[in-house]
Amino acid sequence: RRMKARAPAPPNQASAASRIHSEHKSPAETAVISDQNLVNMKENMINRSVDFTVILPSGVERKSTVQGSKAVMDLLVDLCSQYRLNPSQHSLELKTLGAQQPLSYKPNTLIGALDIQTVLLKEKVPEEKTKRPLPRVPEKSVRLVVNYLKTQKAVVRVSPEVPLHSIIPAICEKCEVSQEHVVLLRDGITGEELELTKSLEELGIKELYAWDRKREPSRKASVSNDAIEKEKTRLLGLFKADRRSSKGFSTAPNSPSVNSRSGSLGPSLSLGNISGMTANPEVKKRRAPPPPVSTPAL
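Residues numbered from 1 in each chain as written. Predicted model: local features only at pLDDT ≥ 70, side-chain atom pairs only at ≥ 80, totals over all residues. Heavy atoms only, no water.

Q: Describe in detail the state of the cysteines, supporting the description with residues and values.
A: According to the stated counting rule, one finds 0 disulfides in the structure shown. Note on Cys-172: no disulfide assigned, nearest cysteine sulfur contributed by Cys-175 at a separation of 7.6 Å. For Cys-172, a relative accessible area of 5% puts it in the buried group. Look at Cys-175 and you get buried, because its relative accessible area is 4%. (Disulfide = S-S within 2.5 Å. Buried < 20%, exposed > 50% of the residue type's maximum accessible area, 1.4 Å probe, protein only.)

Structure representation (structure tokens):
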């Protein structure tokens, strides 16, 4: 039996496999190569000499060259030492070619990592010392009497120089009135509405009426007639008691008890103002004693 000879291996098989392996490297191998290239680039930037133009605070320009491994802060110190300037009173502004805005950097940033074309050595503007604030002048305020709900009163301390609409919140809070329903009136009798753009000083008032449109049907919030009648009845009772006491102690027309009582009532509530009464009631005079009886002579 004749044996068949094996076919020879295709030429350059091993070299082709090695070529394919070299062309298709793994991602890990590619990353290592790129990292190595980055390190080499950084080393080249740091080790290179950097040429730039220095502009002094006076405006004079100078050419300078430094190693890329120098930090920005060290460059500031070197330049200030070279031109006899104080580093604490100066700063560096770094610019690249064609850029309007200065480069951002940290004090320890290396010069080689920046594309520097111009270095401006600038004098720091001294910060003005913070002035001690002037003593606060207390805001001018007055006591405003606020009438509301016909018979209620409240006192609110407000500024007399601000428009009325600025003090409405304080009035409403004190009187428990809604800002949506309140109307400020000069008084509760005439119902004259006040201009909210004017201040208390402009209006010449220290008292007003806060009308609650929701809770009060009418603007005029004068005291009811029933309250007036009750007040008259109370004063009449005081007057009768005064008359009884005056009869017991003195019958003179100008009895001090009567005068003191009427004076204590005040001018608006004096006896002469009470309807149906007179201020000087007629006082009965005491009868003169009979003449002595003459005895006949013996």
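Q: Explain the pairing of strand S1 (residues 49-55) residue by residue, including any values.
A: Bridge analysis of S1 against strand S2 (residues 61-67) gives 7 bridges, and the strand direction is antiparallel. Each bridged residue has a counterpart across the sheet, and for Phe-52 the counterpart in S2 is Ser-64. From the end of S1 to the start of S2, which pair antiparallel, there are 5 residues, and Gly-59 there has a positive phi angle of about 100 degrees. In this sheet, strand S4 (residues 118-123) lies alongside S1 in parallel orientation, the contact comprising 3 bridges. From the neighbouring strand, Ile-55 faces S4, where its bridge partner is Leu-120. (Pairing = 2+ DSSP bridges. Helix = DSSP H or I, 4+ residues; strand = E, 2+ residues; numbered from the N terminus.)

Q: Describe the sheet that holds S1, listing the residues and the values that go with them.
A: Pairing is mixed across the open sheet formed by 4 strands, whose spatial order is S2-S1-S4-S3. Edge positions in the sheet fall to S2 and strand S3 (90-95), since each of these pairs with one other strand and no more. Within the sheet, the average angular offset between the axes of one strand and its neighbour, ignoring direction, is 30 degrees. Taken together, the 6 bridges between S3 and S4 define a ladder with antiparallel strand orientation. Looking across to S4, one finds that Ser-91 is bridged to Lys-122. Together, S1, S2, S3 and S4 form the strand contacts of helix H3 (residues 72-82), whose direction differs from that of S3 by roughly 120 degrees. (Axes fitted to C-alpha atoms, helices over the stretch in contact; angles between N-to-C directions. Contact = heavy atoms within 4.5 Å.)

Q: How would you sum up the sheet that holds strand S5 (residues 142-148)? Please name residues and give values.
A: Read from one edge to the other, the open sheet built from 4 strands follows the order S6-S5-S8-S7, with strand pairing classed as mixed. Both outer strands of the open sheet, strand S6 (152-158) and strand S7 (182-185), are each paired with one neighbouring strand and no more. On average, adjacent strands in this sheet sit at an angle of 30 degrees to one another, irrespective of strand direction. Two elements, S5 and strand S8 (residues 207-212), share 4 bridges in a ladder whose sense is parallel. In the sheet register, Val-145 faces S8, and the bridge partner there is Glu-207. Lying on the sheet, helix H4 (residues 164-175) is in contact with S5, S6, S7 and S8; it crosses S6 at an angle near 135 degrees.

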